[in-house]
Amino acid sequence: MGKKNLVEEFITQIIANSAFTELDRIYLRNRILALVGDEALKVETTSDNLLDLKDELIVAAQNNGLIANSNSAYDILGAQLLNFIVPRPSIVNQKFWESYQLSPQKAIADFYQMSKASDYIKTRAIARNIYFTAGSKYGDLEITINLSKPEKDPKDIAAARYKKTVSYPQCQLCMENEGYLGHSNYPARTNHRVIRFKLGNETWGFQYSPYAYFNEHCIFLAPVHEKMKISEQTFVNLLEIVSKFPGYFAGSNADLPIVGGSILAHEHYQGGRHSFPMEKAPIIKKLSFAGFSDIEAGIVKWPMSVIRLRGQNQKSIVELANKILRKWQNYSDEKVDIRAFTEHIPHHTITPIARLHGQTYELDLVLRDNQTSAKYPDGIFHPHPAVQHIKKENIGLIEVMGLAIFPPRLKPELLEVKKYLLDQPNDIAPMHLDWTRHIKTKYQINSANVKQILQRELGLVFASVLADAGVFKQTTEGEAAFMRFINEVGLN
C-alpha cells in the first residue's frame, strides 16, 4: 500500500464513518490540526484503519509537544479525535429510538457498533484478555484473566497528587460522564454516549462497558447518584429491562460490601447478549410456593445457592421474589453459620438475574451473606484462604453467573507455575507452591498437555471459589438447611 497523508486519510475515514461529507473536509482538517498540531500535515501513513490512524495522530501530537507522554494524555486525545464520528447525544438518542420503533434489535446493534467504531469500547485491549472454558461438575465454567484495563501510569499517578480534588462527575457511572474530557486520574469520555430510556417514572441510561467481560456487556444507570439497593423495585426494573432490550439479560450486584460489586455508590445493573454457565445449569429440585401456582420454581444445580423463578406474569414473579428477599434478609440458621444480623448490622441480600425466553420471564435469586469471623476475616462466604493465591477479590454478579475474572498478575505467575510443572528453572511464587505440587501428583505432565492441565485446575479453583461463596453448601447438611429456608418462605 502506498504512502498517503496522515491527516487527509484520517479525514477520509471520518467521512466514511460519520455524517460528515466532503464539504466538511477543510473544517475537519482545521479541527484536527488544533488537536495535533500543524506539523502533522507533513506526516505520511500506509494505513487506512481508523483506530491505527488515530494512534499515529497521537504520536504526531506528542512529537509536536501538544500532549504529555502519558497514558491519560494518550486516551484523552484519542477520545477527542474519534468523537468526530460520534453524533451529539440528542442525535444519537433520536436515531436510536426512531430505529427502535422499526426494530429494537437493529437499534441496539447499531448503537453497539458505534460504541466499538469510536473506540469507546476498547476492542483491541479486550482482545488481550485470556479466555477459556473449564469443565466442572456444574458444567463448563468460563475463565478470563483480565489484561484489558491499563495499569496506572506512574506519570499519571504523580500528576494526580497535585490535581485539585473535584466531585464532578461524582463517579464513573454518573450521566455527567457523557462527553467528559478526563484527566490524569479519570478516564476520557469525550466519545461517550448514553441512551436515555424510561424505567417506571424515571429516565435511566443505557451504555456499553468500555472494558467488556462478555458479548455486548452493557450497563443500565440510575439517573441520580444514589447507593445501590436490592428491593422489590429492583425485580420490577430488571424484568422491565429484559422486555425493552430483547436478547439481553439484566442483573444486579448485591448491595452489601464483600458480596457486592466494585461500585456500590451508584445504582446500576449490568446486561448483555451472553448465555452464562449458571443460565445453562438445570433445576435439581422443583419447588411450588404457596399462593404462586402460576410460577415454576426450583433450586438450581450450582455451587452458590440459587432459586429460579419462571413464569409469564411479571407481577407474580416480583411478588414471590420480594417475599423470598424479605424472608432472607431476616433469616438465621446458626447450625450452618447463617446469621441475618450481628449487632444490628445486616448481612443478607440477593444477587438477582433476569432473562426473557419467548414470553416467559426467568429470574434467578442468588442468596448472599457477608458475615466475617475470626477464622474468615475476609468473609465466611467469600473466597477462602486456600484459593486466594488465585482469587481473593469479591465475587460479583458476573462471577456469580460462572465467568471468572482473574487478576492480571496471574499471567506471569502461571508461566512460572508451568515451568515448575515441567521441571524447568523457575521463579514460582511461594503462595502457588502447595497448589502446584498437588497438581504434579495428579498427572503425568509434559509440554504437550501442561496448558490443558493448568486450565482444568484453574476451573476447579473457580468452582471452589463459588462454593465458598455459597451460603448453603452442596452437602446433605447444606441441602437440608436450604430446604429449611425454603419452607420458611412457604411451600404448597
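Residues numbered from 1 in each chain as written. Predicted model: local features only at pLDDT ≥ 70, side-chain atom pairs only at ≥ 80, totals over all residues. Heavy atoms only, no water.

You'll find the protein chain entered in an unreviewed UniProt entry as Galactose-1-phosphate uridylyltransferase, with Lactobacillus helsingborgensis given as the organism. Checking UniProt for the protein chain, the heading Sequence similarities (unreviewed entry) contains the comment "Belongs to the galactose-1-phosphate uridylyltransferase type 2 family." Of the protein chain, the UniProt comment under Subcellular location (unreviewed entry) reads exactly: "Cytoplasm". (UniProt positions renumbered as here; feature names shortened; annotations may be inferred.)

Peer 1: Run through the pairing of strand β12 (residues 306-311), naming residues and quoting values.
Peer 2: Of all six residues that make up β12, five are buried, and the element is covered over most of its length. Here strand β11 (residues 296-300) runs beside β12; their pairing, made up of four bridges, is antiparallel. Paired with Glu296 across the bridge in β12 is Arg310. As consecutive antiparallel partners, β11 and β12 are separated by five residues. Direction of pairing for β12 relative to strand β16 (residues 360-369): antiparallel, over a ladder of six bridges. (Buried < 20%, exposed > 50% of the residue type's maximum accessible area, 1.4 Å probe, protein only. Helix = DSSP H or I, 4+ residues; strand = E, 2+ residues; numbered from the N terminus. Pairing = 2+ DSSP bridges.)

Peer 1: Run through helix α6 (residues 104-117), naming residues and quoting values.
Peer 2: Helix length check: α6, at 14 residues, gives a terminal C-alpha distance of 20 Å against a target of 20 Å (1.5 Å per residue), a fit within 8%. What α6 keeps buried is the set Ala107, Ile108, Phe111, Tyr112, Met114 and Ser115. The buried side chains of α6 occupy one side of the element, clustering within an arc of 160° when seen end-on. For α6, the elements touching its buried residues are α5 (89-102), β5 (195-199) and β6 (202-208). Positive backbone phi, approximately 65°, marks Asp119, located one or two places after α6. (Expected span 1.5 Å × (residues − 1). Arc of directions from axis to C-beta. Contact = heavy atoms within 4.5 Å.)

Peer 1: An account of the pattern of salt bridges is requested, with residue identities and associated values reported.
Peer 2: In total, this model carries 31 salt bridges according to the counting rule given. In this structure, Arg355 and Asp364 form a salt bridge, with 3.0 Å as the shortest nitrogen-oxygen distance. The exposure class of Arg355 is buried, given its relative accessible area of 4%. (Salt bridge = Lys/Arg side-chain N within 4 Å of Asp/Glu carboxyl O.)

Peer 1: Describe in detail the UniProt feature "domain: Galactose-1-phosphate uridyl transferase C-terminal" (unreviewed entry) in the protein chain, supporting the description with residues and values.
Peer 2: The UniProt record annotates "domain: Galactose-1-phosphate uridyl transferase C-terminal" (unreviewed entry) at residues 243-436. Secondary structure across residues 243-436 comprises 22% helix and 27% strand; the distance between its end C-alpha atoms is 47 Å.

Peer 1: Hey, could you go over the packing of helix α9 (residues 232-244) against helix α11 (residues 314-329) for me, with residue numbers and the actual values?
Peer 2: Close contact between α9 and α11 brings their axes to 9 Å; oriented N to C, the two are set at 145°. Seen from above, α9 lies across α11 with right-handed handedness. Taking contact as the criterion, the partners of Glu232, Phe235, Val236, Leu239, Glu240 and Ser243 in α9 are, on α11, Gln314, Ile317, Val318, Ala321, Asn322 and Leu325. Of the residues belonging to the contact of α9 with α11, the class tally is seven nonpolar, three polar and two charged. (Axes fitted to C-alpha atoms, helices over the stretch in contact; angles between N-to-C directions. Left-handed = near helix turned anticlockwise from the far one by under 90°. Nonpolar A, V, L, I, M, F, W, Y, C, P; charged D, E, K, R; others polar.)

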